[in-house]
Every structure is written in C-alpha cells, then in structure tokens.
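Here's the letter readout for the chains.
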Amino acid sequence: MGIRVAVIGAGAAGLCSARHLLHRGVETVVYEIGSCIGGLWVFGNDNGLSPAYDSLHLNSEAKVTAYKDFPFPQGSPLYPDHRQVREYLEAYAENFGITPHIRFCSRVTEVAPAGSGRWRVSLEDGSSAEFDAVVVGSGHQGLPAHPNWRHDFTGEYLHSHSYRIPEPFRGKRVLVVGMGNSAVDIAADICVVTKSTTISARSPVLMMPRMLFGVPTSRVLGRLEKPWMPWPIRRTIREALTRIVHGRMEQWGFVTPKSRTHPTSHPSLMSHFVWDRIKAKPGIASVKGQEVTFVDGTNETYDSVIVATGYQVDLPFLAPQLRPIDGHRLELFLRVVHPAQPGLFFVGMFNVAGGGNIRMMDDQAEWVTDLVTGQLASPDQDAIRAGMKEEQAFLRKHYPAAPRYALELDPVFYRKQLQREFQRARGARNNSQRNPK
C-alpha cells in the first residue's frame, strides 16, 4: 500500500503541499473547514478565519510571491488584490488537479498518533481516517491577540481581523493600534471618511516607500543590498532611500528603528500624513472609558479603536502536548519538522521579513514531500536541536524580543539553513545506500 498523507487547510500553504505530494504519486486528502479554496485571501470566507478586508492587496510583488512553477496571469498588476489572489489560488488548484482531493466543509477536531508511526485525523461529523503523515497548513492568523486594556475601553472596539470596510467609521474619531501591514492599510482606508484618524506606534518604525524610480522598492534593494553586507549597512541604505521619499520618521511622530524590524510599506499612507488626515502617537500607557493616555503623557478621546495587535498560533485539533509552541515561540526544526513527532509537519508558520510568503511555502512543501517520500533523509535529533538553537539565537540577535517577531523569518538566513539541511540529508542517504545493513 502506498503512502497516504492528510493536509489541513486549502489556503496557499495547503494547496502547494498537496500539489507536491500528488506530483510524487502520494495519496493526498485535503481537509478544508470552509466551502472554498483560498484561505485568508477569500473575502467573507465562510470558514470564519479570514482577516481579508475589502482593500486588501499583496504586500510583495506578484512575480516574487507566486509559486515558482505557476506565475500570476500575464497582465496582472504588480500587487494583486484579494480577489485576484483568490482566483490565482483557484486556478493553481485546478491546473494541478488538487480540487478533487479537497474535502470541503470538513472541520478537523483532532490529529493524534494512531500507533505504528501513523496518524488519525478525526472530523466534526464523527468520521476519522488514518494516514502516514499529516501536514498542517491551516495558517496562523485565525485567533486574534488582544491588548490587556481591551475591556477598559468603553467605546467601539474591534480587532483588525474583523475589519472589512471603512464606512462604519464615517465621522468618528478612530485610533488604530499597531504599525504592521494591516494597521497601515486600515488607517489609510478609513482616514478619508473619519473625523480623525490616529495611529499608535509603540515601537520604532521605518515606513518605506512601496515604489522607487517607477519600480517596486524591493527591486531597488535587490540591486543595492548584497548578501555579504552586515545589517547596519543595509539599514543605512533603507533609511537613506526612505528619507529621500518620506523625510525623517521623527517629523511625522515616529521613531526611526536602530535594530532590525519587520518591513512596513504602503503606497499612500505618508500622503495622508501630509494632508493631515492621519496623526501618529506613541505607545499606550493606559485606557479609561474612551480616553487613551499615551506614554508621552498626552491623552485623547476616541469613539472607536481598531487594534492590529497580531495573532496567537491556534492549533485546536492538536492536544497540548503535541503543539509545538512555547509561549509565542514555535518549537519546530526549520519551521517545518516537529522535533518529537515524526510524520507531523507544518507549512506556512512564518512571516517573511521581505519577499513572498507563498513562494516560501512552496519551498517548504517541496521539502516535506522529499521527507515523506524518502527522497531526503529525515533529520536526526542532533541536527534538530542544533538547527533550532541556531534559529533562536539568530532571532534574539537580530529582532526585538516581542511576540510580533516570534514567527519572523529572514529569507536569506532561512534558505541557507535549508540548503545546509539538504546537503546533510543527501549525504546521509548516499551513505545509507553505500553501506546497507
């Protein structure tokens, strides 16, 4: 009997996982909680997990975001919107024959060891099935994380996960909390209808331009930055380009970062600052009623607060002892391999610090398939411990010790790790073939 693998989720991570498995002849079943393909890119997805708002676009250029063997259609914009990304993912599933293998409206309630190295997947309808391996591609943006003052604010409160359109905020005084991509998208979205829009930035931020010299800024950085450059030099390059376009961050109420931060950019946000539609405030010190006091001692009254304070990794179908989570930190080898549960894999549990998430998911899915089919030797415990220790040391050295950066993934460092693991695994396989027991 052949290998049989379950994939959880029919979003970008689950689809490429299924595509590579099916291409290698692995029997694959994809379980999708909702009724459609596309995961978080489906506006109003009936799976209840999508944070997509009506103005959502890709933050990375289409050609570097796409799966490596399936580009966006010719004529696509540089930064497709959620409708176009959904159509792209549906076309990908159709092109590679994935759709017939998806079981829609199938909520997975438990993934548990079934003995003899196999796994049992149980569904809400009471059915279950056994598999040789399970790939979790259900994403990490389904369970919003809230600030501890949430219930102290008596006005209208919502997490960015629930935001859809700007109209409900017309004429209101609105505070947006956070400086990630969702926060700046929402602030730029609502400021044309609100009475006032304020954005609270607790941490330093470099708001880079989306375009430079008529092309995406990432292309310019790709020419200027070299792999051998230490981070301080790269930071200086980015600060210089940003200052040419936007001026100093301090003149708009922000603080320029001196350590590595997750890149943030928006095509129009800084224009709204110029037009006085948006103002910046530092982090929040306290909240009482509708009054918010900031760490600089100032206070303002708001009708509504929208928090873009990230997410908690939510894996409700795994028993606590199986969840590879230590606080906000993922305990996974190269973000994919469970260190203590052979046959349990994860794809897409990261935020790429520059570059496309979908392309990185594709690389992970191909590696998972190599491991499942035996094309590459599985890592031993020494390799797992060393790899996890190395990654955590890199994160501590280069990123702030904040929950937001727990899933941060530097593409250059990560691909070096992957390449080294591929070389180790190929060597182990060749030695095994030369010296069979």
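1. Here we look at the state of the cysteines
Throughout the structure, instances matching the rule amount to zero disulfides. Residue cysteine 16 stays outside any disulfide, its sulfur separated by 18 Å from that of cysteine 36, the closest cysteine.

2. Some words on the nonpolar core
Core analysis: the largest hydrophobic core is formed by 89 residues, its most contacted members being Leu15, Tyr67, Ile199 and Trp367. Of the residues forming this core, the biggest block, eight residues, is contributed by helix α8 (residues 357-373). If you look at the next biggest cluster of nonpolar residues, it comprises 24 residues, including Ala6, Val313, Leu322 and Leu330.

3. Side note on the sheet that holds strand β3 (residues 102-103)
Taking strand neighbours across the sheet as the criterion, the five strands line up as β3-β2-β1-β7-β24 in an open arrangement whose pairing is parallel. Both outer strands of the open sheet, β3 and β24 (344-346), are each paired with one neighbouring strand and no more. One ladder, built from four bridges, connects strand β1 (residues 4-8) with strand β7 (residues 133-136); its direction is parallel. Across the sheet, valine 7 pairs through a bridge with valine 135, a residue of β7. In the packing of helix α1 (residues 12-23) onto the sheet, contacts are made with β1, β2 (27-31), β3 and β7, and the angle to β1 comes to roughly 165 degrees. In the packing of α8 onto the sheet, the strands contacted are β1, β7 and β24, and the crossing angle to β24 comes to about 165 degrees.

4. What to know about the environment of proline 263
Inspection of the secondary structure assignment puts proline 263 in the loop between α6 (231-246) and β15 (264-265). Residue classification places proline 263 among the partly exposed positions, given a relative accessible area of 28%. Put simply, proline 263 and methionine 207 are 56 residues apart on the chain and 7.7 Å apart in space, counted from C-alpha to C-alpha. Once you skip the residues sitting within four places of it in the chain, proline 263 turns out to touch Asn181, Ala353, Gly354 and Glu408.

5. A look at the sheet that holds strand β4 (residues 108-115)
The antiparallel open sheet is built from three strands, whose spatial order is β4-β5-β6. Unpaired on one side and paired on the other, β4 and β6 (128-131) mark the two borders of the sheet. Neighbouring strand axes in the sheet, compared pairwise and without regard to direction, differ in orientation by 25 degrees on average. The pairing of strand β5 (residues 118-123) with β6 spans four bridges and is classified as antiparallel.

6. Digging into α6
Spanning 16 residues, α6 covers 22 Å between terminal C-alpha atoms, matching the ideal 22 Å at 1.5 Å per step. For α6, the secondary structure elements touched by its buried residues are β12 (207-208), β13 (211-212), α5 (217-224) and α7 (269-274). The positive-phi residue at the C-terminal boundary of α6 is glycine 247, with phi of around 80 degrees.

7. Some points on the pairing of β6
Here β6 shows one buried face, formed by Ala129 and Phe131, and one open face, formed by Ser128 and Glu130. With antiparallel pairing between neighbouring strands as the criterion, β5 and β6 make up a hairpin whose turn holds four residues, including glycine 126 at a positive phi of roughly 95 degrees.

8. What to know about the packing of aromatic side chains
Counted by the stated rule, this structure contains 17 aromatic pairs. Relative to tyrosine 88, the ring of tyrosine 67 lies with its centre 6.0 Å away and its plane at 20 degrees, an arrangement referred to as stacked. Taken together, the residues tyrosine 67 in the loop between α2 (62-65) and α3 (82-95) and tyrosine 88 in helix α3 connect sequence positions 21 residues apart. When sorted by exposure, tyrosine 67 lands in the same class as tyrosine 88, which is buried. Grouped by ring-pair contacts, the aromatic residues Tyr67, Phe70, Phe72, Tyr88, Tyr92 and Phe96 constitute a single cluster. A cation over a ring is seen here: arginine 19 above phenylalanine 96, with NZ or CZ 4.1 Å from the ring centre. Here arginine 210 stacks its cationic end above the ring of tyrosine 79, 5.0 Å away from the centre of that ring.

9. Describing the packing of α1 against α8
When two helices pack together, their arrangement is given by the angle between the helix axes and the distance between those axes. Interaxial distance between α1 and α8 falls to 8 Å at its minimum, and their mutual angle equals 40 degrees. In terms of their interaxial angle, α1 and α8 are classed as oblique. Crossing of α1 against α8: the hand is right-handed. Side by side, α1 and α8 meet where Ala12, Ala13, Cys16, Ser17, His20 and Leu21 of the first sit next to Ile358, Met361, Asp362, Ala365, Glu366, Thr369 and Val372 of the second. The residue inventory of the contact of α1 with α8, partitioned by class, reads eight nonpolar, three polar and two charged.

10. Regarding the pattern of salt bridges
One pass over the full model with this rule turns up 26 salt bridges. With its nearest N and O atoms 3.0 Å apart, the salt bridge here joins aspartate 132 to arginine 118. Taken together, the residues span a long stretch of sequence, with aspartate 132 in the loop between β6 and β7 and arginine 118 in strand β5 at a distance of 14 residues. When its relative accessible area of 26% is taken as the criterion, aspartate 132 is described as partly exposed. Residues glutamate 391 and arginine 335 are paired through a salt bridge, measuring 2.6 Å at the closest nitrogen-oxygen approach. Of this pair, glutamate 391 sits in helix α9 (residues 381-398) while arginine 335 sits in the loop between β23 (329-330) and β24, placing them 56 residues apart in sequence. Accessibility expressed as a relative area gives 3% for arginine 335, which makes it buried. Residues joined in a network through salt bridges with shared partners are Lys68, Asp363, Glu366 and Arg415.

11. Considering the packing of α1 against α3
Interhelical geometry of α1 versus α3 gives an angle of 15 degrees and a closest axis separation of 10 Å. One way to sum up the angle between α1 and α3 is to call them roughly parallel. Between α1 and α3 the crossing geometry is left-handed. Residue-level inspection shows Ala12, Leu15, Cys16 and Arg19 of α1 in contact with α3, the latter providing Leu89, Tyr92 and Ala93. For the contact of α1 with α3, the per-class residue count stands at six nonpolar, no polar and one charged.

The rules behind each value
Residues numbered from 1 in each chain as written. Predicted model: local features only at pLDDT ≥ 70, side-chain atom pairs only at ≥ 80, totals over all residues. Heavy atoms only, no water. Disulfide = S-S within 2.5 Å. Core = buried A, V, L, I, M, F, W, Y, C linked by side-chain atoms within 4.5 Å. Buried < 20%, exposed > 50% of the residue type's maximum accessible area, 1.4 Å probe, protein only. Helix = DSSP H or I, 4+ residues; strand = E, 2+ residues; numbered from the N terminus. Pairing = 2+ DSSP bridges. Contact = heavy atoms within 4.5 Å. Axes fitted to C-alpha atoms, helices over the stretch in contact; angles between N-to-C directions. Expected span 1.5 Å × (residues − 1). Phe/Tyr/Trp six-rings, centres within 6.5 Å; stacked < 30°, edge-to-face > 60°. Lys NZ or Arg CZ within 6 Å of the ring centre and 35° of its normal. Parallel < 35°, antiparallel > 145°, perpendicular 65-115°, else oblique. Left-handed = near helix turned anticlockwise from the far one by under 90°. Nonpolar A, V, L, I, M, F, W, Y, C, P; charged D, E, K, R; others polar. Salt bridge = Lys/Arg side-chain N within 4 Å of Asp/Glu carboxyl O.

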